[in-house]
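Each chain, letter by letter, is given below.
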Amino acid sequence: MTDLDLIADVLVAGGGPAGAWAAVKAAESGADVVLVDKGYLGTSGATAAAGTGVWYVDPDPARRSGVRVLDHSPVTELLVDADGAGAGAAGHRRQHGHSYRVRAGAVVLATGGCAFLSKALGCDVNTGDGALFAAETGAELSGMEFSNAYAIAPEFTSVTKTAFYSYATFYHADGSVLEGAGSTRGRSVIARALLSERVFCRLDQAGEGIRQAMRLAQPNFFLPFDRQGIDPFTELFPVTLLAEGTVRGTGGIRLTGYDCATSVPGLYAAGDTATREPICGGFTGGGSHNAAWAMSSGTWAGQAAARHARALGARAATRAVRGAGGAGLRPTGGDRAGHREIIDAVQAEVLPYEKNYLRHGDRLAPALASLDETWKRARHGLRADGPDVVRARSAAAMAAHARWMYASALARTESRGMHKRADHPGSDPAQHHRLISGGLDEVWVLPETGWPLAVAS
Ligand SMILES: Cc1cc2nc3c(=O)[nH]c(=O)nc-3n(C[C@H](O)[C@H](O)[C@H](O)COP(=O)(O)OP(=O)(O)OC[C@H]3O[C@@H](n4cnc5c(N)ncnc54)[C@H](O)[C@@H]3O)c2cc1C
């Protein structure tokens, strides 16, 4: 039984900038909008801690959009109508301890990317849920090989703000310089070194004049240093690399038009949930493009979802709907699997640098085979009740994400953008196309033909 049953024109899943802008723009277009978030709208997700300034919006208290917001209410599955069109979502209200359902004329997925619970700053809510929900309704992914962003962080913290490492020199433990290491070029040198030794860093290229400006620009970068009593400009500190997957990576749900539509009618995607290839190609858009994409794709998706709902009219509220969720919700077998074991198995394949960052076919293929087995376990036996449904679905989403990622990485037999293969170090002009992927029990990867977003609509 569902404890809270709502009807809206547009349901927005996710309350980062992509979801917030989608909700505001759908409401401005005349739609009745419900927005649901895993945490709190505006403070959850990658952006809140990122320092992009995106949330610095006009505080005018008289401006109200009329959007109904359900905080701490993660979506656990999409609802579809008899034709398979997006028709709302169901989820769990954590602070109230009950389930909910929102039937809607159109859905915008803006749940962020997938950082595989690596503890990267602000990203542990980003478990790839939207991509799983979309795939369960038949939508496709794109660019999933461009999914191995890793960020530099001091070893004793999760703060992955990387901009200031352009002022860094990296060192071996004996104090000698780690040649070739760097933040923008040379991060793989750090990854390789970390396989066998600790790597140290000092922001010793920042002159006196700029140090104060750095503190003012990104105060939370310095918090962990201040707490540890370390002066990062003069003292060495150990660093690590944390996986950010498709948060600062680029792959995501495939878009079929400039309105951020997916291949499923009534389903739209925005921000990190959608592929960012239309603006970034195969590389991360860190440093402004990502935030710009979140807001602009959210705007387009919200407006288009409102149009779709309007065209549907009263039928949106009366049509029969069903839940589209599979793994973690509706197990197909008898053996029981827990979300923790699925998460551990996925992380063992996607977090190690030698598998995901320093890619090679000889390591990718067995990692994918292991993930396929993990998916089977999840599909057959992963089940949970109450709030644990959210964890089970996140575990399933991570497993699905990892498989599209490695299947695409194996299919792209070249190095391009952030996808670098040691066994195929050069780029191949014959592979200058996007790779689309999809499927759950059977994952598939195909070159895209037709370039839908290269032609003005
Ligand atoms: C440390 C760091 C620094 C960065 N710096 C920059 C920068 O300088 N410039 C730049 O352009 N970009 C930067 N980025 C990237 C940028 O933050 C992201 O591209 C941007 O946050 C994407 O916004 P979004 O709304 O798509 O996702 P998010 O901001 O991650 O929001 C997703 C929301 O969805 C919610 N959610 C997740 N699952 C569910 C679910 N099942 N149901 C309901 N809600 C759910 C989450 O709680 C969250 O609120 C940085 C990222 C990080 C991590």
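Look above for the structure.
Residues numbered from 1 in each chain as written. Predicted model: local features only at pLDDT ≥ 70, side-chain atom pairs only at ≥ 80, totals over all residues. Heavy atoms only, no water.

Visitor: Quick rundown of the nonpolar core? Include the residues and the values.
Guide: Formed by 84 residues in total, the largest nonpolar core has its most connected members in Val10, Val108, Leu109 and Val346. Inspection of this core shows a minimum of three residues originating in each of domain 1 (4-147 + 246-323) and domain 3 (331-422). Every residue in contact with Val10, bar those within four places of it in the chain, is listed here: Ala26, Ala31, Asp32, Val33, Val34, Ala104, Ala106, Val108, Ala305, Ala306 and Ala309. Formed by 28 residues, the second largest nonpolar core is a distinct cluster that contains Cys201, Leu203, Phe225 and Phe237. (Core = buried A, V, L, I, M, F, W, Y, C linked by side-chain atoms within 4.5 Å. Buried < 20%, exposed > 50% of the residue type's maximum accessible area, 1.4 Å probe, protein only. Domains from an automatic or database assignment. Contact = heavy atoms within 4.5 Å.)

Visitor: How would you explain the packing of helix α9 (residues 339-350) against helix α12 (residues 388-411) if you had to name every residue and give the values?
Guide: Viewed as axis vectors pointing N to C, α9 and α12 meet at an angle of 25°, and their least axial separation amounts to 9 Å. Relative to α12, α9 is oriented roughly parallel. Crossing of α9 over α12 shows left-handed handedness. Contacts between α9 and α12 involve His339, Ile342, Ile343, Val346, Gln347, Glu349 and Val350 from the first element and Asp388, Arg391, Ala392, Ala395, Met398, Ala399, Ala402, Met405 and Tyr406 from the second. (Axes fitted to C-alpha atoms, helices over the stretch in contact; angles between N-to-C directions. Helix = DSSP H or I, 4+ residues; strand = E, 2+ residues; numbered from the N terminus. Parallel < 35°, antiparallel > 145°, perpendicular 65-115°, else oblique. Left-handed = near helix turned anticlockwise from the far one by under 90°.)

Visitor: Now, about the environment of Gly105: what can you tell me, with residues and values included?
Guide: Relative to the helices and strands, Gly105 is located in strand β6 (residues 98-109). The spacing of Gly105 and Leu368 is 263 residues in sequence and 37 Å in space, taken between C-alpha atoms. When neighbours within four sequence positions are excluded, Gly105 is seen to be in contact with Ala8, Asp9, Gly86, His308, Ala309, Leu312, Ala316 and Arg319.

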